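Chain by chain, the residues run as shown.
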Amino acid sequence: MGKIVISTNSTLDGVVQDPDGEDGFSRGGWFNGLGDKDKEAWAKVFFDEAMTAGALLLGRHSDAWFAGRWDSREGVWADRLNSLPKYVVSSTLEKTAWRNGTVLSGDPATEVARIRETVPGDILLYGSARLAHTLLAHGLVDEIRLVVFPTLLGAGTRLFPETPAEHRLRLTGTRPVGDSLVLVTYEAVRD
């Protein structure tokens, strides 16, 4: 059985929208302010995570975004990401943008629950805030890993919107990343 892991970057106030500033959000680009030491430490966190992942889970926009940045790269990290199986939740796609992808076109909660039962290891959800919201609402998230940026945006899509039910989490780790970032890890508490 796999484990659904939300793994993402977030501002201190929980915004996950447009970290690179390419989507046109007026407060986007908050990732770009990192210094070299922080970028290097950030890359190590996500490199290490990719080396142990079982699969990636994405929405269609994140699939296209990652494919555009990783498909043409070479090296150990790129080779690993490009070779991982990818599951892309979309009601409109017939084929994924990133290689080794499978489109999940049915009900997202049902499809992801099936993947979780059949794919071993960590199934990393990158980006895809709307999909994260759906999975949280259906109790399908096993772990949340946030690299928190020391930025308050005050607006934008947040990872944790209002939910119809409470979600209990247990802190399993915190550690500094570079000079100004923090990796915070929580696991879901199941009744």
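Report follows, based on the coordinates. All residue numbers here refer to positions counted from 1 along the written sequence of the relevant chain. Owing to the predicted nature of the model, reporting of local features is limited to residues with pLDDT of at least 70; listing and counting of side-chain atom pairs is limited to 80 or more, with chain, interface and lining totals taken over all residues. Side-chain metrics in this entry use all non-hydrogen atoms of the structure; hydrogen atoms and water are not considered.

1. A closer look at the pairing of strand S7 (residues 169-177)
One ladder, built from 8 bridges, connects S7 with strand S8 (residues 181-188); its direction is antiparallel. Its bridge partner lying in S8, leucine 169 is registered against alanine 188. Whether two strands pair comes down to DSSP finding at least two bridges between them. Helix numbers and strand numbers start at the N terminus; a helix is a DSSP run of H or I with at least 4 residues, a strand a run of E with at least 2. Taking the residues between adjacent antiparallel strands as the criterion, S7 and S8 are bridged by 3 residues, where glycine 178 takes a positive phi near 70 degrees.

2. A few points about the pattern of salt bridges
Each reported salt bridge corresponds to a side-chain nitrogen of Lys or Arg within 4 Å of a carboxyl oxygen of Asp or Glu. Counted by the stated rule, this structure contains 16 salt bridges. Note that lysine 3 and aspartate 122 form a salt bridge whose closest N and O atoms lie 3.8 Å from each other. On the criterion of sequence distance, the pair formed by lysine 3 in strand S1 (residues 2-11) and aspartate 122 in strand S5 (residues 121-125) is long-range, its members being 119 residues apart. Using a relative accessible area of 29% as the deciding quantity, one classes lysine 3 as partly exposed. Classification of residues uses two cut-offs on accessible area relative to the type maximum, computed with a 1.4 Å probe and protein chains only: under 20% is buried, over 50% is exposed, and between them is partly exposed.

3. Concerning the nonpolar core
In terms of nonpolar packing, the biggest core is built from 31 residues, with Trp42, Leu81, Trp98, Tyr126, Val147 and Phe149 touching the most fellow members. If you list the elements that add at least two residues to this core, you get helix H1 (36-52), strand S2 (53-59), helix H2 (60-70), helix H3 (76-83), strand S6 (143-149) and S8. The dominant element in this core, judged by the number of residues it contributes, is H1, at 5 residues. The contacts of phenylalanine 149, once residues within four sequence positions are left out, are Asn9, Ser10, Thr11, Leu12, Trp30, Phe31, Leu34, Trp42 and Leu181. Here, the term nonpolar core denotes a set of buried Ala, Val, Leu, Ile, Met, Phe, Trp, Tyr and Cys residues that are joined through side-chain atoms within 4.5 Å. Two residues qualify as a contact provided that any one of their heavy atoms is within 4.5 Å of a heavy atom in the partner residue.

4. Comments concerning the environment of glutamate 22
With respect to the helices, strands and loops of the structure, glutamate 22 is situated in the loop between S1 and H1. Using a relative accessible area of 54% as the deciding quantity, one classes glutamate 22 as exposed.

5. A look at the packing of H1 against H3
A pair of packed helices is characterised by two quantities: the angle between their axes and the separation of those axes. The N-to-C vectors of H1 and H3 enclose an angle of 45 degrees; their axes lie 9 Å apart at closest approach. By the criterion of interaxial angle, the relationship of H1 to H3 is oblique. Seen along the crossing, H1 lies across H3 with a hand that is left-handed. Where H1 approaches H3, its residues Trp42, Ala43, Phe46, Phe47, Ala50, Met51 and Thr52 are matched on the opposing element by Val76, Trp77, Arg80 and Leu81. For every element, the axis is a line fit to its C-alpha atoms; helices are fit only across the contacting stretch, and the angle between N-to-C directions ranges from 0 to 180 degrees. What sets the label is the angle itself: under 35 degrees gives roughly parallel, over 145 gives roughly antiparallel, 65 to 115 gives roughly perpendicular, and the rest give oblique. Left-handed describes a crossing whose near helix is turned anticlockwise from the far helix through less than a right angle; right-handed describes the clockwise counterpart.

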